[in-house]
Every structure is written in structure tokens, then in C-alpha cells.
Amino acid sequence: MTLQAPPSSEQADRYGITATFFVVTADRAQLMEIGAMIQDGRLRITVADSYPLADGRLAYLSGSRADRAPGKTVLLVRQ
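Now for a look at the structure at hand. (Residues numbered from 1 in each chain as written. Predicted model: local features only at pLDDT ≥ 70, side-chain atom pairs only at ≥ 80, totals over all residues. Heavy atoms only, no water.)

### Some words on the overall build of the protein chain
- When you go through the protein chain residue by residue, the secondary structure sums to 3 helices and 2 strands.
- Shown N-terminal to C-terminal, the secondary structure of the protein chain runs as helices and strands in the order α-α-β-α-β.
- For 79 residues, the compact-globule formula gives about 12 Å, and the C-alpha radius of gyration of the protein chain, at 16 Å, lies well above that figure.
- In the form shown here, the protein chain has an accessible surface area of approximately 7300 Å², with 56% of it arising from carbon and sulfur atoms.
- Between the centroid of the 9 positive side chains of the protein chain and the centroid of its 8 negative side chains there is a distance of 5 Å. (Helix = DSSP H or I, 4+ residues; strand = E, 2+ residues; numbered from the N terminus. Rg over C-alpha atoms; globule rule 2.2 N^0.38 Å. Areas by Shrake-Rupley, 256 points an atom, 1.4 Å probe, with all protein chains shown as cover. Lys, Arg positive; Asp, Glu negative; His and termini not counted. Charge placed at Lys NZ, Arg CZ, Asp CG, Glu CD.)

Have a look at this one:
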């Protein structure tokens, strides 16, 4: 499974679901609004793990670990 290519229509048909591919382009205003929602407690994010930016490859690879906790992987730009 990848987020970089459209889903397989054959697999979707096999499971009786509709699979849709879309690309999201965020802008600064949207990201600021999301940040405000997180700070206000209106939006809660589950974080599985965080890594320094220099460990980006390790962070990417962590997504395929069998023991990975559910949630987002965060790259820390500044600490």
C-alpha cells in the first residue's frame, strides 16, 4: 500500500469498497488553523513516535515495524 499512487480498483472491487485517490496541498493559513485547533484542544493527534530531522530515514523506516504503535510519526525540526 502506498500513498503515492492510486489504489487498485481490482482490490477495491474484490472487497466491495470504493477507493479514491486524492492529493492534498496545504497552505500556511490552513496549517496555522490546524495548529490553533491542536493548541485549543479541539483537535487531538496521537503521536506514535518522534525523531530529530537528522533521523528522517529512521523515522520513515519505523512505519513498517510490526511493533509500531498507532499514530503519527513526527520529525522534530527544532528542539
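### Section: a nonpolar patch on the surface
- On the surface, a nonpolar cluster with roughly 430 Å² of combined accessible area is contributed by Leu 31, Ile 34, Ile 38, Ile 45 and Val 47.
- In terms of residue count, the dominant contributor to the nonpolar patch is helix H2 (residues 28-40) (3 residues).
- Topologically, Ile 45 is positioned in the loop between H2 and strand E1 (47-52).
- Overall, the relative accessible area of 47% leaves Ile 45 in the partly exposed class. (Patch = residues over 30% accessible without salt bridge, like charges linked within 9 Å, V, L, I, M, F, W, Y side chains within 5 Å. Salt bridge = Lys/Arg side-chain N within 4 Å of Asp/Glu carboxyl O. Buried < 20%, exposed > 50% of the residue type's maximum accessible area, 1.4 Å probe, protein only.)

### Regarding the side chain of Ser 62
- Mapped onto the secondary structure, Ser 62 falls in helix H3 (residues 56-62).
- Filtering out sequence-adjacent residues up to four positions away, Ser 62 remains in contact with Tyr 51, Arg 68 and Thr 73. (Contact = heavy atoms within 4.5 Å.)

### What to know about the environment of Thr 18
- Mapped onto the fold, Thr 18 is located in the loop between helix H1 (9-15) and H2.
- Judged by its relative accessible area of 75%, Thr 18 is exposed.
- C-alpha separation for the pair Thr 18 and Thr 46, spaced 28 residues apart in sequence, amounts to 27 Å.

### Here's the deal with the pattern of salt bridges
- One pass over the structure, following the stated rule, counts 2 salt bridges.
- One salt bridge in this structure joins Arg 65 and Asp 67, with 3.0 Å as the shortest N-O distance.

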